[in-house]
Amino acid sequence: LKLDNYGVPLTPQPSDDPEDPLNWSGIYRVFLLLQVSALAFLGTYNPAIINPALNELSAQFGVSVITASYQTTVVIALNGICPFIFIPFANTYGRRPVYLVTTLIGSLSALGCAYAQNFGQLVGLRVLNGIFPVAIALGVATVNDLFCLHERGRALGVYTVMASKCATGAHFAPIPGGLIGQFLGWQWVFKFAAITNSFCLIFIFFFLPETLFFRELSVPSASTTSSGQSHFRRYLARMGFGKRFRKLRFGDFFLPYVKIIRYPTVVFPAIYYGTQYGLASALPAVTVSHIFAQEFGWDTLQIGLAYGTSLLIGAFLGETAGGWVVDSLMNRARRRAGPSAPCEIRLKAVWTGEIIVPVGLLWYGFSIQFGAPWIVPILGMGVACFGLQCITTVIADCHSSDMAEVAQVFNFIRQEIAMTFAFYAIVLGEAMGGYHWLFIFFAGVGSILAFIPILVLMWKGEAIRAWENRDYKISSEYS
């Protein structure tokens, strides 16, 4: 029995096979975590890099700024749908081939956007670009492949900082996007995205191994245990293609999700997180060009630098703090209760974000409405983003055997809620008589209505999860 530093049995238990990813060195696993996080970074970086240049797209194609934002909306929507296709392949043929193929699609489609001749062509190419970011969902499963339960808080913290639109990728993107769009034009914004995608493709081709591993089927072979085996041979084995871990069935594309969406411990946190994500991160992304150009007369560079830096700092500080808090909570609980410590303990970390997000939203809305200096709404966005990153919905660990599917449910709900704001946020704010009323309404929806089910999970979560586990075992026996 293998134990952690506190003498508690590891969950899951690593096998005796040296090629089990849980047996790889800590430094190597962190190196792989950074690669997967970079892929997830690109998945949110690609849609957002053009946002500061929406005014240029509007002028180029003869559409309104709000209509120009729809090409970003399309990518956000596809980000939530396409992993449904790729995850079954990743569970059958491995993570590595899926990462390589989708990164290639991302690079080629970004390059194609730079040569679009009309708005219809641009939207069509952006649809292809939306196919790419499978790491947004699959990356969580890869973290699950590489780290034991007590290590995942910090690992997921690093991954989430890089991954979602509530984090670094979408918040860093406006900075180079604004700079390039201002001085080189919107076409070079997409060309730069293609260059960064291509660099990552080359890097992961040589350095990202396969991490999918079935411990219950593992029997160390002489080739893997022999001290005489060269490092180069082991490298080639890890990077090789042609493996098939299980048989791919048609039901793999929908049956796991049909089972998972029945479980309150997945659906309720996903709805809450998706709502807060849309309000604190996606809403600024698709409206800031219109609002700041109208209210402050800003150009592409100013918009990109200001809102990108604000959200980037807020996301980094919030997620860094959040990961540390989650691991501290779980380690303390595991010392008291052992490996059986309930996952619901992690929900205690939600309270900080539950308070800070609405404060940031109201700060932003009121300052815009009543003509405060530009720094005030920028700080409001950063505060809301900090709060969002403190919201940790890693209760998904309750279904760790289906981590990729659970992550995809979170991703789908998050992306589809987020993609709606471009269609109505500006118009609704004007119809309600001001942005302050709009953000009071949004804060109520995100922090009151969507939070009620989370309170139920805090109260009865362990009992609900026990019922889910019984139902899951019965379903698995008949699947």
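Keep in mind it's a predicted model, so treat the numbers as computed, not measured.

Trainee: A description of the overall build of the protein chain should follow, citing residues and the corresponding values.
Mentor: Regarding its fold elements, the protein chain presents 23 helices and zero strands. Taken across its 479 residues, the protein chain has 59% of its residues classed as buried. Considering only residue pairs separated by 6 or more positions, the protein chain has 82% of its internal contacts joining residues 24 or more positions apart. With the model as given, the accessible surface of the protein chain reaches about 19,300 Å², and the carbon-plus-sulfur share is 69%.

Trainee: For the pattern of salt bridges, give the residues involved together with the corresponding values.
Mentor: For the structure on display, the rule yields three salt bridges. When the shortest N-O distance is used, the salt bridge between Glu-151 and Arg-29 registers 3.3 Å. Of this pair, Glu-151 sits in the loop between helix H8 (135-146) and helix H9 (152-163) while Arg-29 sits in helix H1 (residues 26-48); the two residues are 122 residues apart in sequence, bridging distant segments of the chain. A residue is classified by how much of its surface remains accessible, and Arg-29, at 9% relative accessible area, is buried. For Arg-249, the salt bridge identified is with Asp-252, shortest N-O distance 3.7 Å. By relative accessible area, which is 49% here, Arg-249 ends up partly exposed. Its relative accessible area of 9% is what places Asp-252 among the buried residues.

Trainee: Could you give an account of the packing of aromatic side chains, with specific residues and numbers?
Mentor: Scanning the model with the defined rule gives 31 aromatic pairs in all. Plain terms: the ring middles of Phe-203 and Phe-207 are 4.8 Å apart, the flat faces sit at 40° to each other, and that makes the pair tilted. You can see Phe-203 and its partner Phe-207 sitting in helix H12 (residues 186-207), four residues apart, about one turn around the helix. When the centroid spacing of 5.4 Å and the interplanar angle of 65° are considered together, the rings of Phe-250 and Phe-254 count as edge-to-face. Under the relative-accessibility criterion, Phe-250 is labelled exposed at 67%. You can call Phe-254 partly exposed: its relative accessible area is 37%. Here a set of aromatic residues connected by ring pairs shows up, and it is made of Trp-24, Tyr-28, Phe-31, Phe-199, Phe-203 and Phe-207. One cation-aromatic arrangement involves Arg-96 over Phe-205; the distance from NZ or CZ to the ring centre is 5.6 Å. Lying across the ring of Tyr-277, Arg-414 places its NZ or CZ 5.0 Å from the centre.

Trainee: Account for the packing of helix H18 (residues 350-369) against helix H19 (residues 375-390), naming residues and giving values.
Mentor: Remark: H18 packs on H19, axes separated minimally by 7 Å, with the N-to-C direction vectors making an angle of 160°. Here H19 runs roughly antiparallel to H18, going by the angle between their axes. By crossing handedness, the relation of H18 to H19 is classed as left-handed. Along its contact with H18, which presents Val-350, Thr-352, Gly-353, Ile-356, Val-357, Gly-360, Leu-361, Trp-363, Tyr-364, Ser-367 and Ile-368, the element H19 presents Val-376, Pro-377, Leu-379, Gly-380, Met-381, Val-383, Ala-384, Phe-386, Gly-387, Leu-388 and Cys-390. Within the contact of H18 with H19, the residues separate by chemical class into 16 nonpolar, six polar and no charged.

Trainee: Break down the confidence of the model for the protein chain for me, citing the residues and quoting the values.
Mentor: Averaged over all residues, the pLDDT of the protein chain equals 81, while 82% of them reach at least 70. Helix H13 (residues 222-225) is the least confidently modelled element of the protein chain, averaging 50 in pLDDT, while H12 averages 94, the highest of any element. Scored below 50 in pLDDT, residues 393-397 makes 19 contacts in the model with residues more than four places away or belonging to other chains.

Trainee: Residue-level account of the side chain of Ser-58, with values.
Mentor: Here Ser-58 lies in helix H2 (residues 54-61). In this view, Ser-58 contacts Val-63, Ser-64, Val-65 and Ala-68; residues no more than four positions away in its chain are not counted.

Trainee: Got a sec to walk through helix H5 (residues 83-93)? Specific residues and values, please.
Mentor: All of the buried residues along H5 are Pro-83, Phe-86, Ile-87, Pro-88, Ala-90, Asn-91 and Thr-92. One or two positions beyond H5, positive phi appears at Gly-94, with a value near 105°.

Trainee: Now, about helix H11 (residues 174-183): what can you tell me, with residues and values included?
Mentor: Most of H11 is tucked away: seven of the 10 residues are buried. Within H11, burial applies to Pro-174, Ile-175, Pro-176, Gly-177, Gly-178, Ile-180 and Gly-181. Positive phi shows up at Gly-185, right after H11, with a value of about 100°.

Trainee: I'd love a proper account of the nonpolar core, names of residues and values included.
Mentor: In this structure, Phe-292, Tyr-307, Met-381 and Phe-439 are the most contacted members of the largest nonpolar core, which totals 58 residues. In terms of residue count, the dominant contributor to this core is helix H16 (residues 264-296) (14 residues). The contact partners of Phe-439, leaving out residues within four places of it in the chain, are Leu-283, Leu-361, Leu-362, Tyr-364 and Gly-365.

About the criteria used
- Residues numbered from 1 in each chain as written.
- Predicted model: local features only at pLDDT ≥ 70, side-chain atom pairs only at ≥ 80, totals over all residues.
- Heavy atoms only, no water.
- Helix = DSSP H or I, 4+ residues; strand = E, 2+ residues; numbered from the N terminus.
- Buried < 20%, exposed > 50% of the residue type's maximum accessible area, 1.4 Å probe, protein only.
- Contact = heavy atoms within 4.5 Å.
- Areas by Shrake-Rupley, 256 points an atom, 1.4 Å probe, with all protein chains shown as cover.
- Salt bridge = Lys/Arg side-chain N within 4 Å of Asp/Glu carboxyl O.
- Phe/Tyr/Trp six-rings, centres within 6.5 Å; stacked < 30°, edge-to-face > 60°.
- Lys NZ or Arg CZ within 6 Å of the ring centre and 35° of its normal.
- Axes fitted to C-alpha atoms, helices over the stretch in contact; angles between N-to-C directions.
- Parallel < 35°, antiparallel > 145°, perpendicular 65-115°, else oblique.
- Left-handed = near helix turned anticlockwise from the far one by under 90°.
- Nonpolar A, V, L, I, M, F, W, Y, C, P; charged D, E, K, R; others polar.
- pLDDT = per-residue confidence, 0-100.
- Core = buried A, V, L, I, M, F, W, Y, C linked by side-chain atoms within 4.5 Å.

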